[in-house]
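# Reading the structure
Here are the chains, one letter per residue:
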Amino acid sequence: MSGILKIKDIAFEVDKQRSEFLAYIPQESPGQHSTGHLRWSLEVYCVEKEYERSFLPPCLYANEMRFGVRDWRMIEGTMVQNEGDKGLAAYLGVQESIRTSNNSIRFLSRRENQFRIEWECLADPFWDDDYSHGLPLRLDTDISFIGVHIWWVKADDQGLVTVKELVERHFDLSCLQEPEIAGPYHIVFPPRL
């Protein structure tokens, strides 16, 4: 099923190649030892093409989500929500990123590493007078979980040992593949299917 992001009555096609769901361990402030707390990021991009009324295709993302799970597969059936714009750091990006409100993100089902997601919120695209702020947004799509990412540890033999210890503190390594080097400071634990 193709994914659709709808704002008011305008529908945008989800770009499944660019959209992603991942876990990460943020870098602590200088001098602070990392606790290794996992955060989750969901990024949804729309296909770049000409849309109705020549509106720019939006992106929708939520960072720093927290789930009380040690296995990524256990997110199936969970929900993240907030009232107003407090708590969840979720944004709609058009020309600039504006915080969304009254978010409800449901991870309905899972097939391998693909999650079926429904996301409802109020958004402020500021396209024109009729499509400005407080508009209902609804996303229905499948998005791949692409693993646990660390971008701040040097990707060498010692770095692989360090990130394995960090991830193991808060995550069950049996649901992940062995870590891979993706860049000089980018280590990825792909999901085990």
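See the structure above.
Calculation criteria
- Residues numbered from 1 in each chain as written.
- Predicted model: local features only at pLDDT ≥ 70, side-chain atom pairs only at ≥ 80, totals over all residues.
- Heavy atoms only, no water.
- Helix = DSSP H or I, 4+ residues; strand = E, 2+ residues; numbered from the N terminus.
- Buried < 20%, exposed > 50% of the residue type's maximum accessible area, 1.4 Å probe, protein only.
- Pairing = 2+ DSSP bridges.
- Salt bridge = Lys/Arg side-chain N within 4 Å of Asp/Glu carboxyl O.
- Polar contact = N/O pair within 3.5 Å; in protein donor to acceptor, adjacent residues only side chain to side chain.
- Contact = heavy atoms within 4.5 Å.
- Phe/Tyr/Trp six-rings, centres within 6.5 Å; stacked < 30°, edge-to-face > 60°.

Glancing now at unusual backbone geometry. Positive phi, close to 55 degrees, is recorded for Glu 112, a residue that is not glycine. Counting through the fold element by element, Glu 112 comes out in the loop between β9 (101-111) and β10 (114-123). Its relative accessible area of 53% is what places Glu 112 among the exposed residues.

This paragraph deals with the pairing of strand β13 (residues 186-189). Side chains His 186 and Val 188 project from β13 onto one buried face, and the interleaved Ile 187 and Phe 189 project onto a second face that is buried too. Strand direction decides the pairing type here: strand β11 (residues 135-150) and β13, joined by three bridges, are antiparallel. Residue pairing for β13: His 149 is matched across the bridge by Val 188. Summarising the sheet, strand β12 (residues 180-183) and β13 pair through three bridges and their orientation is antiparallel. When the bridges of β13 are listed, Ile 181 appears paired with Ile 187. Linking β12 to β13, which pair antiparallel, is a turn of two residues.

Time to look at the pattern of salt bridges. Taken as a whole and assessed by the stated rule, the structure comprises 12 salt bridges. A salt bridge links Lys 49 to Glu 13, with the nearest nitrogen and oxygen atoms 3.4 Å apart. Of this pair, Lys 49 sits in the loop between β4 (39-45) and β5 (59-65) while Glu 13 sits in strand β2 (residues 10-13), and the two are 36 residues apart along the sequence. A relative accessible area of 44% places Lys 49 in the partly exposed class. We note a salt bridge from Glu 76 to Arg 110, for which the minimum N-O separation is 4.0 Å. Within this pair, whereas Glu 76 is found in the loop between β5 and β6 (79-81), its partner Arg 110 is found in strand β9, the two being separated by 34 residues in sequence. Shared partners join several salt bridges into a network, and the residues in it are Arg 106, Glu 118, Glu 120, Arg 138 and Asp 140.

Moving on, we come to the side chain of Ser 132. Relative to the helices and strands, Ser 132 is located in the loop between β10 and β11. Exposure remark for Ser 132: the relative accessible area of 17% places this residue in the buried category. Within polar-contact distance, the side chain of Ser 132 engages the side chain of His 133 at 3.4 Å. Not counting chain neighbours up to four residues away, the residues in contact with Ser 132 comprise Ala 123, Asp 124, Pro 125 and Phe 126.

Mapped onto the elements, Gly 77 comes out in the loop between β5 and β6. It is 9.7 Å that separates the C-alpha atoms of Gly 77 and Arg 116, two residues lying 39 residues apart in sequence. When sequence neighbours within four positions are dropped, the list of residues in contact with Gly 77 reads Phe 107 and Leu 108.

Overall, the coordinates contain 17 aromatic pairs when judged by the stated rule. Centre to centre, the rings of Trp 40 and Phe 145 are 5.7 Å apart; their planes meet at 40 degrees, and the pair counts as tilted. Taken as a pair, Trp 40 in strand β4 and Phe 145 in strand β11 lie far apart in primary sequence, 105 residues in all. We note that Trp 40, like Phe 145, is buried. Centre to centre, the rings of Tyr 61 and Tyr 91 are 5.4 Å apart; their planes meet at 25 degrees, and the pair counts as stacked.

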